Amino acid sequence: MLLVLVLVTIGVFLIVRIVPGDPAQMVLGLKARPEQIADMHHRLGLDQPIGQQFISFVGTLFTTGDTGQSIAYNVSSKALVLSRLPVSLWLIGCSAVLVVAISLPLAMVAALHKGSWIDQLVRIVPTITLGMPEFWVGLVFVLLFAVTLKIFPVGGIQPGIDGMLYSMALPSLTIALAQTPFIVRSLRTRILEVLKSDYVVTLRAAHLPERVIHRHVLRNALLPALQLYGMKISFLVGGTLVVEQVFGLPGVGSLLFSAITARDFPLIQAIAIYCALGVVLISVIVEIIGGLIDYRVRGELGCEQAGEAA
Amino acid sequence: MSAIISVKNLGIHATASGRALVDGISFDVHPGETVGLVGESGSGKSLTLRAIMGLLPEGVTLTDTESITVAEQKRLAMIFQDPVSSLDPLTGVVKQVAEVLRYNQHMNRHEARVQAADLLISLGLPQSLRTADRYPGQLSGGQCQRVGIAIALATKPNILLCDEPTTALDVTVQLQILDLLADLRQRLGLTMLFVTHNLGVAAHVCDRLIVMQHGHIVETGPTTAVLHHPQQEYTRRLVSAILPIPGEQHR
């Protein structure tokens with residue numbers, strides 16, 4: 001995990017310097033004179049050798065957690081990212097909750113009624129939605145729910161927590177629809193496997209009510225789906241970029257968009273590093289939830305010594 | 001005395017192909033006796049037991065649902081062949097037993113937990129379960145089978161159906177579990193129907209044997225008669241294949 005952060009730091013530092021485009025040129029405009037550009041390079045430290053640039057970059061990163069002043073906005077990159085972070089976290093959080101809320105019941109119903117029309121539907125519909133790109137789904141939602149039906153806002157953020165939830169409805173549903181097919185499928189397959197296992201017979205033989213049996217089944221089916229979900233959620237961090245753009249949400253994704261357009265090196269670096277940090281944090285959270293479900297994962301994490309058979 | 005389980009012309013067939021797996025067998029089990037269903041793999045003995053429990057696996061069908069009668073007010077419980085995989089791996093064993101107590105005997109959560117721990121300890125599991133629950137993966141096969149027995153007993157059964165309960169266990173543990181079952185049968189007045197392919201095990205616990213082959217009953221009779229004077233060639237072959245249970249001859 002630490003390795004991920006180190007590689008991302010080095011990688012993003014190199015990539016922004018390799019890709020064509022000069023931040024000084026972007027700030028000063030195409031008609032800038034060469035000495036103005038050289039002066040700007042000097043102020044940004046871009047005239048120093050690349051090794052030196054890297055050392056001072058890592059130095060400030062470690063001491064202040066910052067990657068320098070944003071070139072385009074002329075404020076601290078860290079502060080800029082942090083100010084946009086809440087919107088993105090809301091978006092990721094809402095879509096994560098939606099994915100679970102949609103996937104669990106669908107997978108359970110489909111597995112319990114294997115072969116029925118509802119099962120077929122759950123298996124076919126995701127195949128269709130998988131072929132639909134997020135930006136397109138987002139636009140369709142905007143047209144349908146915001147422009148035609150006027151139920152949800154076209155974009156932007158409304159004040160207050162309820163306003164936030166209201167604004168998040170369409171964007172998070174857009175993301176969730178792209179995520180659920182994988183989760184539903186993996187969960188459905190796993191539930192079917194678990195339903196065949198010996199302990200389900202034991203539970204039936206012990207005259208337990210079906211809903212109690214389903215609880216056991218779901219708990220046992222959940223772990224692989226959760227681990228898959230953990231991976232998906234990391235992609236989701238990338239997926240927010242497109243969706244934020246479509247819905248005009250002032251989140252980190254749209255910030256990254258403008259940062260790349262402006263070749264705003266420090267800001268791009270800040271976003272990349274904070275996203276990597278976010279992905280690492282999410283996988284830690286997923287591991288912890290996995291540990292709550294399965295004591296064997298807990299053992300791997302070293303939180304609990306596996307008890308000797310007494 | 002009237003039969004506690006009455007099986008008349010029981011047929012079980014594969015749903016897809018219609019092939020008969022159990023082909024019209026009939027027998028009675030009387031209160032308090034222990035009957036052994038013995039035979040090789042595929043003889044239909046386990047299916048017969050599952051049919052009596054009402055838990056046939058997917059892919060097989062009961063030909064006539066009225067072929068099995070269990071006496072009124074009599075409760076059935078079952079213990080299984082693979083004790084470890086028969087327990088939910090992600091739920092503590094005390095919790096699993098407590099859950100069965102809660103839903104079968106209408107106890108509250110706390111009461112059920114205390115009783116579950118008591119029951120498990122009385123069946124030979126460690127005292128430490130009272131304070132710290134264990135997952136099935138942290139117990140031995142023999143201990144898991146004791147948990148399986150506890151789950152069965154928690155339903156307050158009159159009849160205990162045993163599906164090869166010692167087959168997956170170490171030979172030294174087999175005898176302990178068989179003795180435990182014999183002891184429970186006596187203390188609780190259980191009627192037992194015991195499926196095994198091991199005539200040695202059957203001889204240890206059963207009063208009467210029903211020998212099955214290819215879905216038919218080959219021979220029935222009191223255990224000693226079947227073992228010492230087998231009438232059929234198939235039974236003779238089974239008897240000659242008996243492996244002694246280690247430790248049994250020392251007693």
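Residues numbered from 1 in each chain as written. Chains lettered and ligands numbered in written order. Predicted model: local features only at pLDDT ≥ 70, side-chain atom pairs only at ≥ 80, totals over all residues.

Under an unreviewed UniProt entry, the name given to chain B is ABC transporter ATP-binding protein, and the source organism is Bifidobacterium colobi. You can read under Subcellular location (unreviewed entry) in the UniProt record for chain B the words "Cell membrane". UniProt annotates chain B under Sequence similarities (unreviewed entry) with the comment "Belongs to the ABC transporter superfamily." (UniProt positions renumbered as here; feature names shortened; annotations may be inferred.)

Some remarks on the environment of M168 of chain A
All names here are of chain A. The topology assignment puts M168 in helix α8 (residues 160–195). Look at M168 and you get buried, because 23 C-beta atoms sit within 10 Å. Separated by 13 residues in the primary sequence, M168 and G155 have C-alpha atoms spaced 9.0 Å apart. Look past the residues within four positions of M168 in its chain and what remains in contact with it is W90, L91 and C94. (Helix = DSSP H or I, 4+ residues; strand = E, 2+ residues; numbered from the N terminus. Buried ≥ 20, exposed ≤ 12 C-beta atoms within 10 Å, placed from the backbone. Contact = placed C-beta atoms within 7 Å.)

Observations regarding the confidence of the model for chain A
Residues and elements named next belong to chain A. Confidence along chain A averages 82 in pLDDT terms, with 96% of residues attaining 70 or more. Element-level pLDDT for chain A is lowest in helix α13 (residues 295–301), with a mean of 73, against a maximum mean of 91 in helix α9 (residues 198–205). Low pLDDT, under 50, characterises residues 304–310; the stretch is placed with 12 contacts to residues that sit more than four places away or in other chains. (pLDDT = per-residue confidence, 0-100.)

As for the confidence of the model for chain B
Caution applies to low-pLDDT regions: their predicted coordinates should not be interpreted in detail. The predicted model of chain B has a mean per-residue pLDDT of 87, with 96% of residues at 70 or higher. Mean pLDDT in chain B bottoms out at helix α8 (residues 233–240) of chain B, which sits at 82, and peaks at strand β6 (residues 76–79) of chain B, which reaches 92.

Quick notes on the packing of helix α4 (residues 141–154) of chain B against helix α5 (residues 171–188) of chain B
All names here are of chain B. Following both chains from N to C, one finds α4 and α5 inclined at 20°, their axes separated by 10 Å at the closest point. Taken as axis vectors, α4 and α5 run roughly parallel relative to one another. Crossing hand, α4 versus α5: right-handed. Residue-level inspection shows G141, G142, Q145 and I149 of α4 in contact with α5, the latter providing V173, Q176, I177 and L180. Classifying every residue of the contact of α4 with α5 by side-chain character gives 4 nonpolar, 4 polar and no charged. (Axes fitted to C-alpha atoms, helices over the stretch in contact; angles between N-to-C directions. Parallel < 35°, antiparallel > 145°, perpendicular 65-115°, else oblique. Left-handed = near helix turned anticlockwise from the far one by under 90°. Nonpolar A, V, L, I, M, F, W, Y, C, P; charged D, E, K, R; others polar.)

Structural notes on the packing of helix α5 (residues 77–112) of chain A against α8 of chain A
How two helices pack is summed up by the angle between their axes together with the distance between the axes. Residues and elements named next belong to chain A. Following both chains from N to C, one finds α5 and α8 inclined at 35°, their axes separated by 5 Å at the closest point. Seen along the crossing, α5 lies across α8 with a hand that is right-handed. For the contact of α5 with α8, the residue count by class is 23 nonpolar, 5 polar and 1 charged.

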